[in-house]
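Chain by chain, the residues:
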Amino acid sequence: MSWVEVAADVFVKRYEASDVNVVAIPGPKGVTVIDTGGSPAEAQEIVADVAERFGTPIVEAVNTHAHYDHSFGNSVFVDLGVPVIGHHRIPDHYAAFEGPRLRAWQADPAREPDKQWDHVVLTQPTVLIQRSTTLTASGRNIECIPIPRGHTDTDLVVCVPDAEVWVLGDAIEESGPPMFGSGCWPLEWPAALDEVLLRVQPSDAMVPGHGRVVDREFAARQAADLHAVADAIKRAHGDRTEIEVALDSARLPWAKWMLRSAFEQGFSHLDQRPSSGH
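Please read all numbers here as calculations on a predicted model, not as lab measurements.

> Please set out the overall build of the protein chain residue by residue, giving values where relevant.
Scanning the protein chain from N- to C-terminus turns up eight helices and twelve strands. Taken over the C-alpha trace, the protein chain has a radius of gyration of 19 Å; the compact-globule value for 278 residues is 19 Å, and the two agree within 12%. In terms of its C-alpha atoms, the protein chain occupies a principal-axis envelope of roughly 60 × 50 × 40 Å. Considering only contacts within the protein chain whose residues lie at least 6 apart along the sequence, 65% involve residues at least 24 apart. About 12,600 Å² of surface is accessible on the protein chain, with carbon and sulfur atoms providing 49% of the total. Put simply, the protein chain has 23 plus and 40 minus side-chain charges, and the middle of one group is 4 Å from the middle of the other.

Written out as structure tokens, the structure is:
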């Protein structure tokens, strides 16, 4: 795949590993890269591709969230002296999820033979943000917006105002239904996406974490599907329906194995909520 210009000087390249989108935003002083790939080898490929296509230095990189396929290349960028910007909760997510998963793989690579994590050094962002932050190192204004809990509690949305482009990471996906992966908040995800969509115009381009560039209408339909999942989880939990029974009766555009993760995490979050009784 080659770099595709999806708006004025905003480029996307889909990498075969995990079909992940990497975004390059060139400006007069250099290039901002969104997401660093799923391994040092992928990150090195991204760095080389940016150099070949744009011929200017990478001045900063951003993690849209903590999952491995979007951040396991961080060490390569940090070693090059490139600041990596990410959500302030990424260190906690790494400690709870990505770190244990990486250590388990390193102890037994056969458990996930499709991964190439031999040389991964888990590296958190060098700049951790808690509120909307405007990046200017490239000579363009690029807004990084921490959003409420959803796909994870580390999600950042990136807005390029002069190009009317939004980069959402895995808050939306196009190449398949959104994944309810590690650290997911399925009950809160729909409202988080709704909040983002309040700022998006119908003509704006939206770059998902995986798949083709979409528009606001696509994202709104996906938000409606996420609302349906959240409603099904709350209904099943309230009725004390077992998860497997609820999955068998669910009429949702997800495979059963994907929904199982959503229901398990949703039930867990509901069980932890304080009782409203006296």
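Further notes follow.
> Explain the packing of aromatic side chains to me, using residue names and the numbers behind them.
Applying the stated criterion across every chain yields a total of nine aromatic pairs. On the numbers, 5.5 Å between centres and 75 degrees between planes, the contact of Phe180 with Trp189 is edge-to-face. You'll find Phe180 and Trp189 in the same group, each marked buried. Here a set of aromatic residues connected by ring pairs shows up, and it is made of Tyr68, Phe72, Trp105 and Trp117. Positioned above the aromatic ring of Trp185, the side-chain terminus of Arg149 is 3.7 Å from the ring centre.

> Would you mind going over unusual backbone geometry in detail, with residue names and values included?
Non-glycine residue Asp9 carries a positive phi angle of around 55 degrees. Asp9 gets classed as partly exposed once you look at its relative accessible area, which sits at 40%. For Asp35, which is not glycine, the phi dihedral falls at a positive 80 degrees. What makes Asp35 buried here is its relative accessible area of 3%.

> Explain the pairing of strand E11 (residues 165-169) to me, using residue names and the numbers behind them.
Burial of E11 is extensive: five of the five residues sit out of reach of the surface. Summarising the sheet, strand E10 (residues 156-160) and E11 pair through three bridges and their orientation is antiparallel. Across the sheet, residue Cys159 finds its bridge partner in E11, namely Trp166. From the end of E10 to the start of E11, which pair antiparallel, there are four residues, and Glu164 there has a positive phi angle of about 55 degrees. Relative to strand E12 (residues 205-208), E11 is paired through four bridges, and the arrangement is parallel. Residue pairing for E12: Gly169 is matched across the bridge by Pro208. Following the backbone out of E11, through helix H5 (residues 189-197) and into the adjacent parallel E12, one traces a crossover that is right-handed.

> A description of the side chain of Thr152 should follow, citing residues and the corresponding values.
For Thr152, the location among the structural elements is in the loop between strand E9 (142-146) and E10. At 2.7 Å, the side chain of Thr152 and the side chain of Thr154 are in polar contact. Dropping the residues within four chain positions of it, Thr152 is found in contact with His65, His67, His93, Ser182, Gly183 and Trp185.

> Report on the pattern of salt bridges, specifying residues and quantitative values.
When their charged atoms lie close together, side chains carrying opposite charge are able to pair. One pass over the structure, following the stated rule, counts 13 salt bridges. With its nearest N and O atoms 2.9 Å apart, the salt bridge here joins Glu174 to Arg212. Of the two residues, Glu174 is situated in the loop between E11 and H5 and Arg212 in the loop between E12 and helix H6 (216-238); the sequence distance between them amounts to 38 residues. Since its relative accessible area comes to 54%, Arg212 is described here as exposed. Between Lys256 and Glu244 there is a salt bridge, and its shortest N-O distance comes to 3.8 Å. Taken as a pair, Lys256 in helix H8 (residues 256-272) and Glu244 in helix H7 (residues 243-249) lie far apart in primary sequence, twelve residues in all. Linked through salt bridges whose partners overlap, the residues forming this network are Arg101, Glu112, Asp114 and Lys115.

Procedures and definitions
Residues numbered from 1 in each chain as written. Predicted model: local features only at pLDDT ≥ 70, side-chain atom pairs only at ≥ 80, totals over all residues. Heavy atoms only, no water. Helix = DSSP H or I, 4+ residues; strand = E, 2+ residues; numbered from the N terminus. Rg over C-alpha atoms; globule rule 2.2 N^0.38 Å. Contact = heavy atoms within 4.5 Å. Areas by Shrake-Rupley, 256 points an atom, 1.4 Å probe, with all protein chains shown as cover. Lys, Arg positive; Asp, Glu negative; His and termini not counted. Charge placed at Lys NZ, Arg CZ, Asp CG, Glu CD. Phe/Tyr/Trp six-rings, centres within 6.5 Å; stacked < 30°, edge-to-face > 60°. Buried < 20%, exposed > 50% of the residue type's maximum accessible area, 1.4 Å probe, protein only. Lys NZ or Arg CZ within 6 Å of the ring centre and 35° of its normal. Pairing = 2+ DSSP bridges. Right-handed = clockwise from strand over helix to strand, strands pointing away. Polar contact = N/O pair within 3.5 Å; in protein donor to acceptor, adjacent residues only side chain to side chain. Salt bridge = Lys/Arg side-chain N within 4 Å of Asp/Glu carboxyl O.

Function cannot be read off these values alone, since they describe shape.
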